[in-house]
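Single-letter residue listing:
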Amino acid sequence: MDLRFTEAQEILKKMARDFLTTECPKTLVRELEKSEKGYSPELWKKMAELGWMGLVIPEEYEGMGYTFQDLTVLLEEAGRNILPGPLISTVISTFPILEAGTEEQKKELLPKIARGELIITTALLEAEGTFNAYGIAAKATPKGDDFIINGTKLFVEMAHVANYTICVTRTKDGTSPEKGITLFLVDSKAPGISCEVMPTIAADKLCEVRFENVTVPKKNMLGKIDEGWPIVEMMLRKGAIAKCAESIGAIQTCVEMTVAYSKERVQYDRPIGAFQALQHIMADMWTSMETGRYLVYEVAWMESEGQPCAKEASLAKAYVNEAYKNVGQWAIRLHGAIATSHDHDIPLYYRRSKAADTTYGGTDFHRELVAQKIGLI
């Protein structure tokens, strides 16, 4: 296993960092937080021209044909700059189409995603607030050549601007919660769908989406009927790794800003970075960043190589969740009063550390998965 970046990955990393530094300053991040859409269509178009939405889409469908590991390189830079918008929701929602879609679905949707013409999200969580299969209560009932969906989904990322929503539904009550789960590609403008942006700490446009007698053609089914849970597990695994990569980029920015500030801020005629107690805190921040990075790079490589890595993905997500929150918290403390201002950049990262925790599974959820994998449950 070689975790060093290839020459192509180094080029991708530098290109992404230069682009986001120029095109997505923190002033724009703040503007987008307050905006109705939560993302910039102009910036989205430029990202599409760089091939970001089609990075993992094969060339035969107008994508770039890069690997999942390459995608995490890009997402680390997106996290470093806390890029707002539907990039992660779209690229992760692309995988069910890639791995379970029909050839007709791939030909119709993948080129449009690659060109930045479609925004896609996934509606999974419901009132139970669990990422386990027993939390899926939204019903899809067959009617002729269609299915009728009824139910309410919560915390659906960027659903208010999505063109399609992958809706995880229950089509049969089986002997276990995992049986009878089916995924559908739903036109977000279909009659019977209503969407409302939920207030969240990170202003990251998570939505409540209600489906009331929504008609979906049978041809929009992803995978086989009643056998959709393995697709959800795949999406959660890839999403967890992707979110970890984004978080590692954000953690690095928090650490770099805190170290730089500690060299400038003077107390008792000395920079605060000269005090041993603070040095040790920043050393711990650095250690958790590097530990998390190793875990993420390892599991990203395993995912790209097609190796089983469910345990490693959960291990990384559980660790990085806590590392990001802890580093964000100490970054606030070490910056002092200035970090309580909305005009400072550190609070942007601190608030996102809270939001990143629950995306694609919170710490407790992934700790339970690790416990299962090592034979404790």
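What you are looking at is a predicted structure, and each value in this text was computed from that prediction instead of being measured.

What counts and what doesn't
- Residues numbered from 1 in each chain as written.
- Predicted model: local features only at pLDDT ≥ 70, side-chain atom pairs only at ≥ 80, totals over all residues.
- Heavy atoms only, no water.
- Patch = residues over 30% accessible without salt bridge, like charges linked within 9 Å, V, L, I, M, F, W, Y side chains within 5 Å.
- Areas by Shrake-Rupley, 256 points an atom, 1.4 Å probe, with all protein chains shown as cover.
- Salt bridge = Lys/Arg side-chain N within 4 Å of Asp/Glu carboxyl O.
- Helix = DSSP H or I, 4+ residues; strand = E, 2+ residues; numbered from the N terminus.
- Buried < 20%, exposed > 50% of the residue type's maximum accessible area, 1.4 Å probe, protein only.
- Pairing = 2+ DSSP bridges.
- Core = buried A, V, L, I, M, F, W, Y, C linked by side-chain atoms within 4.5 Å.
- Contact = heavy atoms within 4.5 Å.

Student: Break down a nonpolar patch on the surface for me, with residues and values.
Tutor: On the surface, Ile374, Leu376 and Ile377 cluster together into a nonpolar patch covering about 360 Å² of accessible area. Along the chain, the position of isoleucine 377 falls in the segment after helix H11 (363-373). Taking the relative accessible area as the measure of exposure, isoleucine 377 reaches 68% and is therefore exposed.

Student: Go over the pairing of strand E4 (residues 164-170) with me, naming the residues and quoting the values.
Tutor: The element E4 is largely enclosed, with a buried count of seven among its seven residues. Here E4 shows a buried face lined by Tyr164, Ile166, Val168 and Arg170 and a second buried face lined by Thr165, Cys167 and Thr169. Pairing geometry for E4 and strand E5 (residues 181-187), over seven bridges, is antiparallel. Bridging across to E5, cysteine 167 finds its partner in phenylalanine 184.

Student: Which residues make up the side chain of serine 262, and what values go with them?
Tutor: Structurally, serine 262 is set in helix H7 (residues 229-264). Given a relative accessible area of 5%, serine 262 falls into the buried group.

Student: How would you explain the nonpolar core if you had to name every residue and give the values?
Tutor: Ranked by size, the top nonpolar core spans 101 residues in total, and within it Met47, Trp52, Leu87, Leu183 and Ile251 carry the most contacts. The leading source of residues in this core is H7, at 16 residues. The contacts of tryptophan 52, once residues within four sequence positions are left out, are Met15, Ala16, Phe19, Leu20, Met47, Leu74, Leu87 and Val91. Counting 16 residues, the second largest nonpolar core, distinct from the first, contains Ile149, Val186, Ala190 and Val214.

Student: Can you tell me about the pairing of strand E3 (residues 146-157), naming the residues and giving the values?
Tutor: As judged from the five bridges shared by strand E2 (residues 139-143) and E3, these two strands associate in the antiparallel manner. Counted as the bridge partner of alanine 140 is isoleucine 149 from E3. The hairpin formed by E2 and E3 contains two residues between the paired strands, and glycine 144 there has a positive phi angle of roughly 65 degrees. As paired elements, E3 and strand E7 (residues 206-217) share nine bridges and run antiparallel to each other. Its bridge partner lying in E7, phenylalanine 147 is registered against valine 216.

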